[in-house]
Amino acid sequence: MENSMWLKDVELESESVKLVPLTMEHKEALVEAASDGELWTLWFTSVPNHENVTDYIATALEQKAKGLSLPFVVVEKPTGKIIGTTRLCNADPVNHRLEIGYTWYSKSYQKTSCNTECKLLLLTHAFEVLNSIAVEFRTSWHNQASRAAIARLGAKQDGVLRNHQKLPNGGYRDTVVFSIINNEWLSVKHSLEYKLSRYR
């Protein structure tokens, strides 16, 4: 199965958020979203600012054209405001594996139901539409908030890739890898739905 046949453009929506395919037209709105908290200043993440947002989106769209990625902007449904971005990425259509990554939200929407809603949408699509056997999550060893958030989803830590990526400052990133596999999905889904019910 070719990548382009596996990943197809789709809009996903829940009660309060919608995931819409990323385009270059979203660049100003993304910078505005990232300005809430000046997220690009976090050295262990890759959040765009006005200087590199064009390259950020261009890279995402290049990966999409190769069938490796499906990037989205996160839209708050009541206001239509773009509040972040997320991505199905590193697609392996032969083995039916995916990663959910490149996720960030405006500071005002962190620690709300936003992340849980987005992850439930993406995981449902991955396991129930794309028939994935495993979905990975990867984050920096130093990103404690991200590691805790991934664990709260129900993902299990697979391990740590030491010296996994070279950083712009010449150092190296240790990457923590988590995953959810298909026979865990129903219990994870039930847990996420229960968490969302607590917000209502």
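This one's a predicted model, so the numbers in the text were calculated from it and none came from an experiment.

Student: Whenever I open this one, the overall build of the protein confuses me. Can you help?
Tutor: For the protein, the helix and strand inventory stands at 6 helices and 8 strands. Each helix and strand of the protein, ordered N terminal to C terminal, gives the series α-β-β-α-α-β-β-β-α-β-α-β-β-α. For 200 residues, the compact-globule estimate of 2.2 N^0.38 gives 16 Å, and the protein sits close to it at 16 Å. The C-alpha extent of the protein, read off along each of the three principal axes, is 40 × 40 × 35 Å. Split into buried and exposed, the 200 residues of the protein put 46% on the buried side. In the protein, of all internal contacts separated by at least 6 residues, the share reaching a separation of at least 24 is 61%.

Student: Looking at this structure, how should I read the environment of glycine 159?
Tutor: Structurally, glycine 159 can be placed in strand β7 (residues 156–166). Along the chain, glycine 159 and serine 146 lie 13 residues apart, while their C-alpha atoms are 15 Å from each other. Beyond its immediate chain neighbours, meaning those up to four positions away, glycine 159 contacts Thr175, Val176 and Val177.

Student: I'm lost on the pattern of salt bridges in this one. Help?
Tutor: Opposite charge on two side chains allows them to pair when their charged atoms are near. Counted under the stated rule, the structure contains 9 salt bridges. Between glutamate 128 and lysine 189 there is a salt bridge, with its nearest N and O atoms 2.8 Å apart. Of this pair, glutamate 128 sits in helix α4 (residues 114–129) while lysine 189 sits in helix α6 (residues 185–199), placing them 61 residues apart in sequence. In this structure, the salt-bridge partner of arginine 162 is aspartate 174, at a minimum N-O distance of 3.3 Å. Of this pair, arginine 162 sits in strand β7 while aspartate 174 sits in strand β8 (residues 172–181); the two residues are 12 residues apart in sequence, bridging distant segments of the chain.

Student: Sorry, what's going on with the environment of serine 187 here?
Tutor: For serine 187, the location among the structural elements is in helix α6. A relative accessible area of 49% places serine 187 in the partly exposed class. In the structure, serine 187 is positioned 11 residues away from arginine 198 in sequence and 17 Å away in space, judged by C-alpha atoms.

Student: Quick question: what am I supposed to make of the state of the cysteines here?
Tutor: Joining two cysteines, a disulfide is a covalent bond between their sulfur atoms. Counted according to the given criterion, the structure contains 0 disulfides. Sulfur of cysteine 114: no disulfide; nearest cysteine sulfur belongs to cysteine 118 and is 4.2 Å away. Classification of cysteine 118 by relative accessible area gives buried; the value is 0%.

Student: Explanation requested: the packing of aromatic side chains in the structure shown.
Tutor: Evaluation of the coordinates by the stated rule reveals 1 aromatic pair. Both rings, one in phenylalanine 127 and one in tryptophan 185, keep their centres 5.3 Å apart while their planes meet at 20 degrees; by these two values the pair is stacked. With phenylalanine 127 in helix α4 and tryptophan 185 in helix α6, this pair connects stretches of sequence that are 58 residues apart. Taken individually, phenylalanine 127 and tryptophan 185 each receive the classification buried, so the pair is uniform in this respect. Lying over the aromatic face of tyrosine 102, arginine 87 brings its terminal NZ or CZ to 3.7 Å of the ring centre. Just above the ring of tryptophan 141 sits the side chain of arginine 147; from NZ or CZ to the centre is 4.1 Å.

The rules behind these values
- Residues numbered from 1 in each chain as written.
- Predicted model: local features only at pLDDT ≥ 70, side-chain atom pairs only at ≥ 80, totals over all residues.
- Heavy atoms only, no water.
- Helix = DSSP H or I, 4+ residues; strand = E, 2+ residues; numbered from the N terminus.
- Rg over C-alpha atoms; globule rule 2.2 N^0.38 Å.
- Buried < 20%, exposed > 50% of the residue type's maximum accessible area, 1.4 Å probe, protein only.
- Contact = heavy atoms within 4.5 Å.
- Salt bridge = Lys/Arg side-chain N within 4 Å of Asp/Glu carboxyl O.
- Disulfide = S-S within 2.5 Å.
- Phe/Tyr/Trp six-rings, centres within 6.5 Å; stacked < 30°, edge-to-face > 60°.
- Lys NZ or Arg CZ within 6 Å of the ring centre and 35° of its normal.

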